[in-house]
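Listed below are the residues making up each chain.
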Number of protein chains: 2
Amino acid sequence: MVAAEVSGKLRQTGDAKADKIINTIRFLAVDAVEKANSGHPGLPMGMAPLAYVLYDKVMKYNPKNPLFPMRDRFVLSAGHGSMLVYALLHMFGYDSVTIDDIKQFRQANSKTPGHPENFMTPGVEITTGPLGQGICNAIGLAAAEAHLAATFNKPDCEVVNNYTYCILGDGCMMEGLQSEAASLAGHWGLGKLIAFYDDNSISIDGRTSIAFSEDVGKRYEAYGWQVLYVKEGNTDIIGMEKAIAEAKLCTDKPTLVIVTTLIGYGSPNKADSYAAHGAALGKDEVAATREALDWEYPPFEVPQDVLSHTRRKIAEGAKLEEEFAKKCEEYKSKYPEDYKLFETMVLKNDLPSGWEDALKKAAQETGAMATRQVSQVMLNALAPVLPGLVGGSADLASSNLTIMKGYGDFLKGQYECRNFRFGVREHAMGAIANGLALYNAGLIPYNATFFIFTDYQRGAIRMAALSEINNMFVTTHDSIFLGEDGPTHQPIEHLASFRAMPNLYMMRPADATEAAAMYAIAVKTRKTPSVMAYTRQGTSKLDATYEQASKGAYVLSDNSGGKPEAILIGTGSEVDLCIAAAEALRAEGKKVSVVSMPCWEVFEEQSAEYKESVLPSSVPMSKRMVCEAGSSFGWTKYAGVFACIDGFGASAPIKDLREMFGFTEAAVTAKAKSMF
Amino acid sequence: MVAAEVSGKLRQTGDAKADKIINTIRFLAVDAVEKANSGHPGLPMGMAPLAYVLYDKVMKYNPKNPLFPMRDRFVLSAGHGSMLVYALLHMFGYDSVTIDDIKQFRQANSKTPGHPENFMTPGVEITTGPLGQGICNAIGLAAAEAHLAATFNKPDCEVVNNYTYCILGDGCMMEGLQSEAASLAGHWGLGKLIAFYDDNSISIDGRTSIAFSEDVGKRYEAYGWQVLYVKEGNTDIIGMEKAIAEAKLCTDKPTLVIVTTLIGYGSPNKADSYAAHGAALGKDEVAATREALDWEYPPFEVPQDVLSHTRRKIAEGAKLEEEFAKKCEEYKSKYPEDYKLFETMVLKNDLPSGWEDALKKAAQETGAMATRQVSQVMLNALAPVLPGLVGGSADLASSNLTIMKGYGDFLKGQYECRNFRFGVREHAMGAIANGLALYNAGLIPYNATFFIFTDYQRGAIRMAALSEINNMFVTTHDSIFLGEDGPTHQPIEHLASFRAMPNLYMMRPADATEAAAMYAIAVKTRKTPSVMAYTRQGTSKLDATYEQASKGAYVLSDNSGGKPEAILIGTGSEVDLCIAAAEALRAEGKKVSVVSMPCWEVFEEQSAEYKESVLPSSVPMSKRMVCEAGSSFGWTKYAGVFACIDGFGASAPIKDLREMFGFTEAAVTAKAKSMF
């Protein structure tokens, strides 16, 4: 790319019709950002030619049904370029983005927020913005397709078949989770994933050469990808089509197409500079850009001939939908049994009926054990009744106990298998699992690591919460009681940190009954992710019912007939200590209730009456004690006395840790007695 | 590597003396893990030959002074192999690890915790365990050396000169932060960094081929590293020495030596399998390993001839120290001015005197502006008086406003410069900055991103807190009021999540006075990191003193003479709203105090009397309101009424966000009035 191109009338594709469509995309972005006086014009201007090729020539989709199951998926990992997506959705016939919506870019409650949000705008597959997440999500989408194709397709009848396209920029290319995910995608050989690297050499701080001089193509080859180049990314639409065709021919590797562009192509004075990245071009520069690209239309006008061309996709989409319906009919008649599941999962994005019974049964049959073992029981109870359950661990399967036995490893050549082996890649794991869910075809993903390593995947967890993704973050080794591995591995503040996160269930079940109830809630909710924390060490089985546990918090025992003098609140492995302390207090004639609280958020969803029955307001904070092997932070909401740990742990056997940090029956009982 | 080697008597290095030392290392590890019945024998067994080469033949250090300034640094990024380090420290003459300490491996309060902890064991440079952190820290150590060498060395007198060595395993190699950091190290051309990849093809879930098939060497070449290979890593110590020599010859690139080994080398039945990774070998296998390696000594016996050989390092270390002292004298006489700073920073790891005055002055001179601008003022006030201040942003320098003007960019060929350009690599940035601090030579690092992206670097922040590292995590765009970028970029739970983390200051100053006081505390504390949150939008200048602000929380205004009916607590940009609400209440005759609370943790360090004066216990929770544009989570500790935001934000201009989420003067005042 030479900046010299950016003077006078610019070289364009050589195809006047294409130029007109491409420039429509560019100016919708330029003008929307200008009106909002906020946003990122540079990416849409540079990527408009590729976007045109994808939406006009390559991708299959049905604008009138954004959820058409066999649509090709498109993910803008560089989410700041959101106007690219909104321009495309508008031009190619989606109802979700009108021209008025584009005029409302970045305004309150608009369909066109600053970054693409899947929950705001039909046609946006994925919420992107935090860099690197989108490419991981795209890999998850491609893995979902591979899995469902292997599961449902038959030699004579193929019902699952789509490509996943993703655009990522320099920012995404620097992020570590992108590296993790790309390594996995290469390992898995996801041939129907085609990613485009918008190689424009500009990021917020200026030329990327200031901080980024690696050979990206060589790196992706090292991961096992096919790497192709389009050197003239501002003009060479034929080269783009060829590259995509070549990518499709390579069926056992994902493809990265490195597309060299000028950011802000068309802007005479700001192209190829950070000035085009994240701010409106300004009135004069917008005019100069119109001049340079020979664009005669006023802001927000989509030329009629452009629109009649692009909106042909409405009819094409209807046809695709029709063909797919026929294919489904054929499948139904040939494979009626398979079709039932296909219909539930892929067509309805639903769960088979009756699955919850398996959890209730497992709860009854499972005795005292470490809750990580309980979790293993629950996952394996669910596996046969929830065919959409897929997931795995970040190289800790044998510690997290998250293998679904008998369901094989998802690997190249065996995509029908349901156990994923993510390697030591927590962040990408979380984000890829988000992508599995966002394929919206009945997949219920889980992903596992030690509770402490949620620190590495917090970006993905938050995106799950914000994007309303049903993803289960199953974690084990949930407290200092993991023992000798010491403070680098011992969570302290983690429970609090997730309880503070919006739209997330932080679950810490104490036994099989609670774990079953929590898994049921985690599976049932389709719009809220869960973080689950399970113990390494053994715990008791409590005397509670599934219905009680399903309330998030409940009175486990009470010798006061509902009028306790004091309440002992415990979670997970510390409920046992509360029981012991309560017995000691009761032996002294005190009226004490024990509350087990596996999930704050579920408890808060209950009726005011129920909540009052569990935590009667007559009991003052000074008579409510919490015992939890984690930070006391936040517990002031429910209690005033804390048997918690607010500093870092230590490397020692569990017995010694109990002594050192006050988690013996004696210490907890003494603290409970101090309330009287 | 062929497993067939592991039968009968094993092939060793061919150098009987070396074998004896190497096997001493191996059996200290094997026997310590066996006694603890917990730990990771596999790595020390496989890496013992390389460790021998490093500690016996290559590295310069002074066992009797673990902080000898010009020591070569060694980082075991694969921290689970901690027994390797403890064996080396013991054998090569450090006082910190006695044989009794080794017998106490993984026991309470021992010098030999499960993972290496810098704050427990002199000679351990860095706390490692969470995978990938160590290699980033090592890159920070190498960058520190490059910077200090460029700053202090003269053509005729070189006072700074050491290498940094790092061992990383398959786990580290899969982690994304490692990729980020390696890309930067290549970009920076850190020629004195030599990393060894223990390529043993085994991780916890079995053979790495299940999840990891990339070409690591090719990937590192893509980053701009020199990549060398030692194919027979269990035996070829000559090859290792040659590789290190070759690495040293390459002065403009870091070197990765890929050392192919068998995990658990020597164990006939467990080598080359995950069984050797993370558990004691078991009595029979320990015996079989003794047999295979021809090891006749009982547990914990270090043969006398081994010890007399390895402990020669004590004399060599004393000599190194002596030579260095001479070199310092020479430097002092030739460059007395430079020496003063060199002595303060490098020799004493101290701060020059008087630096705090610059902050006080800046506080007085700086008026109302966005607190990110205030932060810029403070950094630039500190830069000339704190020559050890180094840092930068993850490609957001122009938004974070973190450039120290006139101090240039730290890049290949200009290592004396103090502004780091980290690219879009938040996690590596945090961990590299941790390494800069851990060089222990007066460097005060800061690193910057948007507050939301602390989600990406949380692993590094926690390691800073645990490892007692003085690192300043400077963040901006600290609330929904960043505006149009929307909820993907708007922090909600982040303040709470850091307040819950042990040994961390979470600072949210409201103006220049508070920011100056907070920066002073952040610089002064040498064992506690800070996360600072600054606004994008403008704020007022408060009527407060530096001394008040230094308390962490203080009464900004009070019309009650110390006996308020109600308290309004604010932080950062919301203090303004509290002031407005207080004025409205006072106009109605109410006695109200306004408390500004830039830092909970600093406030909690104050005397009980002071705390009572700020938050008198006579004011019930129902008459204490907090206004903060973040989650209310945790604030129940101080208040009972909340003008906070507990859900996700939205993409809109700031004015609309204020209306949508109740952060107008009218809304906050109404909420304050509702307390009466």
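The name given to chain A in an unreviewed UniProt entry is Transketolase, and the organism recorded there is Porphyridium purpureum. In UniProt, chain A has this text filed under Sequence similarities (unreviewed entry): "Belongs to the transketolase family." Reading the Function (unreviewed entry) entry of the UniProt record for chain A gives the comment "Catalyzes the transfer of a two-carbon ketol group from a ketose donor to an aldose acceptor, via a covalent intermediate with the cofactor thiamine pyrophosphate."

Right, let's get into the overall build of chain A. The secondary structure content of chain A amounts to 26 helices and 18 strands. Taken over the C-alpha trace, chain A has a radius of gyration of 28 Å; the compact-globule value for 676 residues is 26 Å, and the two agree within 12%. The principal-axis extents of the C-alpha atoms in chain A amount to approximately 90 × 60 × 45 Å. Within chain A, the proportion of its 676 residues that are buried is 68%. Of the roughly 20,200 Å² of accessible surface on chain A, a fraction of 50% belongs to carbon and sulfur atoms.

Below, the discussion takes up the packing of helix H14 (residues 355-365) of chain B against helix H20 (residues 512-524) of chain B. All names here are of chain B. The N-to-C vectors of H14 and H20 enclose an angle of 165°; their axes lie 8 Å apart at closest approach. With respect to their mutual orientation, H14 and H20 come out roughly antiparallel. Seen from above, H14 lies across H20 with right-handed handedness. On H20, the residues touching Trp-355, Glu-356, Leu-359 and Ala-363 of H14 are Ala-512, Thr-513, Ala-516, Tyr-519, Ala-520, Val-523 and Lys-524. In the contact of H14 with H20, the residues fall into eight nonpolar, one polar and two charged.

Our next topic: the interface of chain A and chain B. Taken residue by residue, the interface counts 95 residues in chain A and 95 residues in chain B. Taken over both partners, the interface formed by chain A and chain B buries close to 7,700 Å², and the fraction arising from carbon and sulfur atoms is 58%. Our count for the chain A to chain B interface comes out at ten salt bridges. A salt bridge links Arg462(B) to Glu493(A), with the nearest nitrogen and oxygen atoms 2.8 Å apart. Inspection of the region where chain A meets chain B yields 53 residue pairs in polar contact (both at pLDDT 80 or more). Counting only elements with at least two residues in the side of chain A that touches chain B, the list comes to helix H6 (170-174), helix H7 (176-188), helix H8 (216-222), helix H16 (397-400), helix H17 (426-438), helix H18 (454-467), helix H19 (494-499) and helix H25 (654-661) of chain A. Broken down by element, the residue count for the side of chain A that touches chain B peaks at eight residues, all from H18(A).

All names here are of chain B. Here we have six strands laid out as an open sheet, ordered S9-S8-S10-S11-S13-S12, and parallel in their pairing. Across the chains shown, the open sheet's two edge strands, defined by having one partner strand only, are strand S9 (419-421) and strand S12 (505-507). For this sheet, the mean inter-axis angle between neighbouring strands, taken without regard to orientation, is 20°. Pairing of strand S10 (residues 444-450) with strand S11 (residues 472-476) involves five bridges; the strand directions are parallel. Residue pairing across strands places Tyr-446 opposite Met-472, the latter belonging to S11. In the packing of helix H15 (residues 371-385) onto the sheet, contacts are made with strand S8 (389-393), S10 and S11, and the angle to S8 comes to roughly 150°.

Let us now look at the nonpolar core. In terms of nonpolar packing, the biggest core is built from 173 residues, with Leu190(A), Trp188(B) and Leu190(B) touching the most fellow members. In this structure, Ala358(A), Val619(A), Leu359(B) and Tyr505(B) belong to the second largest nonpolar core, which totals 170 residues.

Right, let's get into the packing of helix H1 (residues 16-36) of chain B against helix H2 (residues 42-58) of chain B. All names here are of chain B. Interaxial distance between H1 and H2 falls to 9 Å at its minimum, and their mutual angle equals 130°. The angle between H1 and H2 places the two elements in the oblique class. Taken as a pair, H1 and H2 cross one another with a handedness that is right-handed. Within the contact between the two elements, H1 uses Ala-18, Ile-21, Ile-22, Ile-25, Arg-26, Ala-29 and Val-30 and H2 uses Pro-44, Met-45, Ala-48, Pro-49, Tyr-52 and Asp-56. Residue classes in the contact of H1 with H2 are distributed as eleven nonpolar, no polar and two charged.

In this section: the environment of Thr525(A). Residue and element names in this part refer to chain A. Counting through the fold element by element, Thr-525 comes out in the loop between helix H20 (512-524) and strand S13 (530-533). Here Thr-525 falls in the buried class, since its relative accessible area comes to 15%. For the pair Thr-525 and Tyr-505, spaced 20 residues apart in sequence, the C-alpha separation works out to 10.0 Å. Excluding its chain neighbours within four sequence positions, the residues that come into contact with Thr-525 are Asn-470 and Tyr-505. Engagement of the side chain of Thr-525 in a polar contact is seen with the backbone nitrogen of Lys-527, the distance being 3.4 Å. A distance of 3.3 Å separates a polar atom in the side chain of Thr-525 from the backbone nitrogen of Thr-528.

Attention shifts here to the domain arrangement of chain A. Frequently, the measure chosen for interface size is the accessible area removed from exposure when the parts meet. Residues and elements named next belong to chain A. Domain assignment breaks chain A into domain 1 (3-129 + 158-315), domain 2 (355-533) and domain 3 (552-673). Taking the mean C-alpha position of each, domain 2 and domain 3 sit 25 Å from one another. At the junction of the two partners, domain 2 supplies 25 residues and domain 3 supplies 34 residues. Carbon and sulfur atoms make up 60% of the area that domain 2 and domain 3 hide from each other, which totals about 2,300 Å². The largest per-residue losses of area from domain 2 upon contact with domain 3 belong to Phe-481, Arg-499 and Arg-508, which jointly make up 32% of the total buried on that side. In this structure, the connection of domain 2 to domain 3 is made through two salt bridges. Among the salt bridges present, the one from Arg-499 reaches Glu-628, with a minimum N-O distance of 2.7 Å. Scanning the region where domain 2 abuts domain 3 turns up 14 residue pairs in polar contact (both at pLDDT 80 or more). Among the elements of the structure, H19, strand S12 (505-507) and H20 are those that each provide at least two residues to the side of domain 2 that touches domain 3. Broken down by element, the side of domain 2 that touches domain 3 gets its largest block of residues, four residues, from H19. Across the side of domain 2 that touches domain 3, the residue classes break down as 16 nonpolar, four polar and five charged.

Following the UniProt record, the feature "domain: Transketolase-like pyrimidine-binding" (unreviewed entry) maps to residues 369-541 of chain A here. Along residues 369-541 of chain A, the helical share is 38% and the strand share 16%, with 8 Å between the first and last C-alpha atoms.

All names here are of chain A. In spatial order, the strands read S9-S8-S10-S11-S13-S12; together these six strands make up an open sheet with parallel pairing. On the outer flanks of this sheet lie strand S9 (419-421) and S12, each paired with one strand and no other. Here the strands of the sheet are splayed against their neighbours by 20° on average, with no regard to which way each runs. Sheet topology places strand S8 (residues 389-393) next to strand S10 (residues 444-450); five bridges connect them, and they run parallel. Note on S10: the bridge partner recorded for Val-390 is Pro-445. Lying on the sheet, H18 is in contact with S10, strand S11 (472-476) and S13; it crosses S11 at an angle near 160°.

Let us now look at the packing of aromatic side chains. Residues and elements named next belong to chain B. Taken as a whole, this structure holds 67 aromatic pairs over all chains when the rule is applied. Note on Tyr-519 and Tyr-534: the rings are 6.1 Å apart at their centroids and 10° apart in plane angle, and the pair reads as stacked. Taken together, the positions of Tyr-519 in helix H20 and Tyr-534 in the loop between strand S13 (530-533) and helix H21 (546-549) put the pair 15 residues apart, joining distant regions of the chain. Taking relative accessible area as the criterion, Tyr-534 reaches 0% and is therefore assigned buried.

All right, on to the pattern of salt bridges then. Summed over all chains, the structure comprises 65 salt bridges over all chains. Taking the shortest distance from any N to any O, the salt bridge between Asp31(A) and Arg290(A) comes out at 2.8 Å. You can see Asp31(A) sitting in helix H1 (residues 16-36) and its partner Arg290(A) sitting in helix H10 (residues 283-293), a full 259 residues away along the chain. In this pair, the class of Asp31(A) matches that of Arg290(A), namely buried. Put simply, Arg11(B) and Glu232(B) hold a salt bridge, and the shortest N to O gap is 3.3 Å. Taken together, the residues span a long stretch of sequence, with Arg11(B) in the segment before H1 and Glu232(B) in the loop between strand S6 (226-230) and helix H9 (237-249) at a distance of 221 residues. Ionic contacts of the salt-bridge type, sharing partners, join the residues Asp56(A), Arg312(A), Lys313(A) and Glu316(A) into one network.

The rules behind each value
- Residues numbered from 1 in each chain as written.
- Chains lettered and ligands numbered in written order.
- Predicted model: local features only at pLDDT ≥ 70, side-chain atom pairs only at ≥ 80, totals over all residues.
- Heavy atoms only, no water.
- UniProt positions renumbered as here; feature names shortened; annotations may be inferred.
- Helix = DSSP H or I, 4+ residues; strand = E, 2+ residues; numbered from the N terminus.
- Rg over C-alpha atoms; globule rule 2.2 N^0.38 Å.
- Buried < 20%, exposed > 50% of the residue type's maximum accessible area, 1.4 Å probe, protein only.
- Areas by Shrake-Rupley, 256 points an atom, 1.4 Å probe, with all protein chains shown as cover.
- Axes fitted to C-alpha atoms, helices over the stretch in contact; angles between N-to-C directions.
- Parallel < 35°, antiparallel > 145°, perpendicular 65-115°, else oblique.
- Left-handed = near helix turned anticlockwise from the far one by under 90°.
- Contact = heavy atoms within 4.5 Å.
- Nonpolar A, V, L, I, M, F, W, Y, C, P; charged D, E, K, R; others polar.
- Buried area = accessible area lost by both parts, 1.4 Å probe.
- Salt bridge = Lys/Arg side-chain N within 4 Å of Asp/Glu carboxyl O.
- Polar contact = N/O pair within 3.5 Å; in protein donor to acceptor, adjacent residues only side chain to side chain.
- Pairing = 2+ DSSP bridges.
- Core = buried A, V, L, I, M, F, W, Y, C linked by side-chain atoms within 4.5 Å.
- Domains from an automatic or database assignment.
- Phe/Tyr/Trp six-rings, centres within 6.5 Å; stacked < 30°, edge-to-face > 60°.

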